[in-house]
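For reference, the chains in residue letters:
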Amino acid sequence: MEKPPLLDGEDGSVLAESQSDVALVSADEEGSAGAHGQEDDRPAWDSKLQYVLAQVGFSVGLGNVWRFPYLCHQNGGGAFMLLYVMLLLIIGVPLFFMELAAGQSIRQGSIGVWKHISPRLAGIGYSSCMVCFFVALYYNVIIAWSLFYMGNSFQYPLPWEQCPVDMISNQTVKECAASSPTSYFWFRKALDISDSIDQSGEFNPILTGCLLAAWAIVCLAMIKGIKSSAKVMYFSSVFPYAVLICFLIRGLMLDGAIEGIKYMFYPKLEIWGEVQVWRQAATQVFFALGLGYGSVIAYSSYNPVHNNCHRDAIMVSGINFMTSVLASLVVFVVLGFRAKNIALNCVATLLCSPKLHLDRVKTGVEGTGLAFIAFTEAMALFPASPFWSTLFFLMLLNLGLSTMFGTMQGILTPLMDNFRVLGRHKTMLTVCSCILGFFIGLLFTQRSGNYFVTMFDDYSATLPLIIVVVFETVSVAWIYGADRFLDDVEVMLRWRPPVVYRYLWKYVCLLGMVGLLAASLLRMVFKRPTYTAWNHTTGSETSLEYPGWALVMLSTLIIVASLPVPVGYLLSFLRGGPSLPVEEGEVQPPRERYSKYNSSEPEPNNHHSPLDEDRNRPRSTFLHLGAEHYVLLPQQEDGEEEEEEDTGL
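Residues numbered from 1 in each chain as written. Predicted model: local features only at pLDDT ≥ 70, side-chain atom pairs only at ≥ 80, totals over all residues. Heavy atoms only, no water.

The protein appears in an unreviewed UniProt entry as Transporter from Cyprinus carpio.

Right, here's the structure in full:
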């Protein structure tokens, strides 16, 4: 429900006399139950550095290491980077700033924020929570894979350096001989993968144990909310940068590194004429910043109201992009070294040319395969390979955990803020959520589990998140009003953001997100969904179409995650009247009325009219101001004509 500027008279509350930035406390029956009457007790970041590390840790994830480099060299190298930067500036930063400002002002999770800004679109927050839950389920599996590989890195030689020998025939295992030692270790030893999604098979006991350990780490780190997870962030957010720099320095000393960097930055501007490249660049901007998850809103809700969130938006976006470039440099340096070794071996046998293999190797690996196949193969050629392997997978572990903390915060914060019972039992909610996540996550530890990870990654988040951000933009720019939003941000920041944001939110961002949604839907409709399967007979990957039941499953994921938005609007519309839904038989308690006060006379509000023309009822903005600006007005008797007062909110 909408977070009102007035305190419930039923509780006999008075305005807090605190000198803090936030002086008014929400008191809805459900909409702010978790924070009812205790806004001063809301957790807060110990320092600005802690908050920045948390936001950077969430936005900088595994996609920066393997998704961005893949898109970069597949789509024109330097040309793709220029396109990415342009879309980041005109779409990514404005939407990121919008989420930061909303969360910081209202000091609620995603559910409370969107109930407050546009009560009839309150389902936006619930959709964000559903998407976060789906993402958390499979994301922790990737962390489990990293734990497995890190555990296997403490031996020399590394177990994926050579193909195993069949004890019966005393020959190299055929599956490994047909592929490579690293591919065999990944598909057979780590995943023990089946040939298709139809062949489920038994659970992988080792990966199940790793998944349990991953959920235990997440639970222990978050059991005390941001107070415990923020301390972990000091290491998990900074450590990956140290590892990437070490890898870059070491990689530049390798033969073939310069060729890899040249391949990365060489611009192919003709690629801009392809719609697919624009779609992939926009999607990467969208997911790199974590838009729509609710985690950005949750983290910013623990900030002081007057924190400069505009500067934070630009800073975090810039750090995110530079991290992607740094990771790409490391990837291309290492893969250049790998390609050069393969090319030289090939030339030595007089079978092929160096250039042919250099191009093929660089463009042949994507996603998890880049980390668990290509990188492991290259690191096996490093001197002191176990050290570099341990360092690399420890980096992946920290990248995954920092993003996982933000994803879980996008689930827990809205629930605790909006449901009183859950807000009173934060520890129990965290533990139960992790236990539930582990048991559902067992789906991904069976032999066909990797195919389900691919399904969740491709379909459970992409379309629902785009839909969520489209409605977020509509809510702020058109329903609440972009000018009105900027007025509130001006009071919050004590300076007015550039007017260009008004046009970016209302037109550029909205049209861009609608175009991305349309492109994604058309691609899904006209191209039957497929997945990459491993054929153990040929020792190679092949593309297969999803069976009918799998199509139903992925469609269900999309529908379940997107459904809260239309359902919430429909319920609000059917109830009619006020935007705040009232349950049958429930009577809304009267509220104390406050007016802005000056020592001589009431101060007029120059920002907004208190009347919401769309619903013909008093409505305030969402910004909370200092308590010293308000005085309590006497309650009016029933039947007495109410006088319109400007609340100044």
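Past the structure itself, the notes keep going.
(A) Region of the structure containing the overall build of the protein. The number of helices and strands found in the protein is 24 helices and six strands. The 649 residues of the protein split such that 58% are buried. Of the accessible surface of the protein, which amounts to about 26,600 Å², a share of 63% is contributed by carbon and sulfur atoms. (Helix = DSSP H or I, 4+ residues; strand = E, 2+ residues; numbered from the N terminus. Buried < 20%, exposed > 50% of the residue type's maximum accessible area, 1.4 Å probe, protein only. Areas by Shrake-Rupley, 256 points an atom, 1.4 Å probe, with all protein chains shown as cover.)

(B) Representation of the UniProt feature "binding site: Na(+) 2" (unreviewed entry) in the protein. The positions UniProt marks with the feature "binding site: Na(+) 2" (unreviewed entry) are Asn320. Considering the arrangement of structural elements, one finds Asn320 in helix 14 (residues 309-348). Given the relative accessible area of 1%, Asn320 is considered buried. Contact partners of Asn320, with chain neighbours within four places excluded, come to Ser59, Val60, Asn64, Tyr84, Ala288 and Leu289. (UniProt positions renumbered as here; feature names shortened; annotations may be inferred. Contact = heavy atoms within 4.5 Å.)

(C) Structural detail: the pairing of strand 2 (residues 540-545). Of the pairings in the sheet, the one linking strand 1 (residues 530-535) to strand 2 comprises six bridges and is antiparallel in character. When the sheet's bridge partners are listed, Thr530 is paired in strand 2 with Glu545. (Pairing = 2+ DSSP bridges.)

(D) Local environment of the packing of helix 2 (residues 62-74) against helix 3 (residues 78-106). For the pair helix 2 and helix 3, the least separation of the axes is 7 Å and the interaxial angle reads 120°. Overall, the two elements helix 2 and helix 3 adopt an arrangement that is oblique. In this structure, the crossing between helix 2 and helix 3 has a hand that is right-handed. Between helix 2 and helix 3, the contacting residues are Phe68, Leu71 and Cys72 on the first element and Phe80, Met81 and Tyr84 on the second. (Axes fitted to C-alpha atoms, helices over the stretch in contact; angles between N-to-C directions. Parallel < 35°, antiparallel > 145°, perpendicular 65-115°, else oblique. Left-handed = near helix turned anticlockwise from the far one by under 90°.)

(E) Structural context of the state of the cysteines. All chains considered together, the criterion is met by one disulfide. Covalently, Cys163 is tied to Cys176 through a disulfide, its sulfur atoms 1.9 Å apart. One disulfide, between Cys163 and Cys176, carries an S-S torsion of -80° and so falls in the left-handed class. A residue pair is termed long-range when its members are at least 10 positions apart, and Cys163 in the loop between helix 5 (123-152) and helix 6 (174-178) and Cys176 in helix 6 qualify at 13 residues. Classification of Cys163 as partly exposed rests on a relative accessible area of 23%. Relative accessible area serves as the criterion here: at 1%, Cys176 is assigned to the buried category. (Disulfide = S-S within 2.5 Å.)

(F) Structural detail: the packing of aromatic side chains. This model, assessed by the stated rule, comprises 44 aromatic pairs. With a centroid separation of 6.4 Å and an interplanar angle of 75°, the aromatic rings of Tyr459 and Tyr546 are classed as edge-to-face. Of this pair, Tyr459 sits in helix 20 (residues 449-460) while Tyr546 sits in the loop between strand 2 and helix 23 (548-562), placing them 87 residues apart in sequence. As far as burial versus exposure is concerned, Tyr459 and Tyr546 are alike and both buried. Across from the ring centre of Tyr480, 4.4 Å away, lies the NZ or CZ of Arg484, which sits over that ring. Geometry around Trp478 places Lys506 over its ring, the cationic atom sitting 4.3 Å from the centre. (Phe/Tyr/Trp six-rings, centres within 6.5 Å; stacked < 30°, edge-to-face > 60°. Lys NZ or Arg CZ within 6 Å of the ring centre and 35° of its normal.)

(G) Examining empty space enclosed by the protein more closely. Scanning all chains against the criterion turns up six cavities of 30 Å³ or more. One number sums up the size of the second largest cavity: a volume of about 50 Å³. Lining the second largest cavity we find Leu87, Ile91, Ala282, Val285, Phe286, Gly512, Met513 and Leu516. Every element with two or more residues in the lining of the second largest cavity is listed here: helix 3, helix 12 (275-288) and helix 22 (500-526). Counted by class, the lining of the second largest cavity contains seven nonpolar, one polar and no charged residues. (1 Å grid on protein atoms, 1.4 Å probe; cavity = no way out; pocket = protein on both sides within 12 Å on 5 of 7 lines; lining within 4 Å. Points joined across faces, edges and corners; volume = space filled by probe spheres on them. Nonpolar A, V, L, I, M, F, W, Y, C, P; charged D, E, K, R; others polar.)

(H) Local environment of the UniProt feature "binding site: Na(+) 1" (unreviewed entry) in the protein. Here, the residues flagged by UniProt with the feature "binding site: Na(+) 1" (unreviewed entry) are Gly57, Val60, Asn64 and Leu399. These residues run over 343 residues, yet every pair of their C-alpha atoms falls within 11.4 Å of each other. Among the structural elements, Gly57 can be located in helix 1 (residues 48-59). Judged by relative accessible area, Gly57 falls into the buried class, the value being 3%. Beyond its immediate chain neighbours, meaning those up to four positions away, Gly57 contacts Ser237, Ser402 and Thr403. Inspection of the secondary structure assignment puts Asn64 in helix 2. Relative accessible area serves as the criterion here: at 3%, Asn64 is assigned to the buried category. For Asn64, the residues in contact, after removing those within four places along its chain, are Ser59, Pro69, Asn320, Ser324 and Ala327.

(I) Layout of helix 8 (residues 205-222). Its 18 residues give helix 8 an end-to-end C-alpha distance of 26 Å, which sits within 8% of 26 Å, the value for a rise of 1.5 Å per residue. Looking at helix 8, one finds that the buried residues are Leu207, Thr208, Cys210, Leu211, Ala214, Trp215, Val218, Cys219, Ala221 and Met222. Among the residues of helix 8, the N-terminal cap falls to Asn204, whose side-chain oxygen and the backbone nitrogen of Ile206 are separated by 3.2 Å. (Expected span 1.5 Å × (residues − 1). Polar contact = N/O pair within 3.5 Å; in protein donor to acceptor, adjacent residues only side chain to side chain.)

(J) View of the pattern of salt bridges. Evaluated as defined, the whole model comprises eight salt bridges. The shortest N-O distance in the salt bridge between Glu175 and Arg188 comes to 3.0 Å. Here Glu175, found in helix 6, pairs with Arg188, found in helix 7 (residues 181-190); they are 13 residues apart in sequence, far enough to count as distant. Glu175 sits in the buried class, given a relative accessible area of 10%. Exposure remark for Arg188: the relative accessible area of 15% places this residue in the buried category. Ionic pairing is found between Asp192 and Arg447, a salt bridge with its closest N-O pair at 3.8 Å. Placement of Asp192 in the loop between helix 7 and helix 8 and of Arg447 in the loop between helix 19 (426-441) and helix 20 is noted, with a sequence separation of 255 residues between them. Of the residues examined, Arg447 reaches a relative accessible area of 25% and is grouped as partly exposed. Salt bridges sharing partners connect three or more residues here, namely Glu175, Arg188, Asp192 and Arg447. (Salt bridge = Lys/Arg side-chain N within 4 Å of Asp/Glu carboxyl O.)

(K) Main features of helix 11 (residues 257-265). For helix 11, the complete set of buried residues consists of Ala257, Gly260, Ile261 and Met264. Viewed end-on, helix 11 has its buried residues packed into an arc of 95°, placing them on one side of the element. (Arc of directions from axis to C-beta.)

(L) Structural view of the packing of helix 3 against helix 4 (residues 110-117). Running from N to C, helix 3 and helix 4 point in directions that differ by 90°, and their axes come no closer than 10 Å. Between helix 3 and helix 4, the interaxial angle falls into the category roughly perpendicular. Contact residues: helix 3 offers Ala102, Gly103 and Ile106, while helix 4 offers Val113, His116 and Ile117. Residue composition of the contact of helix 3 with helix 4, by class: four nonpolar, two polar and no charged.

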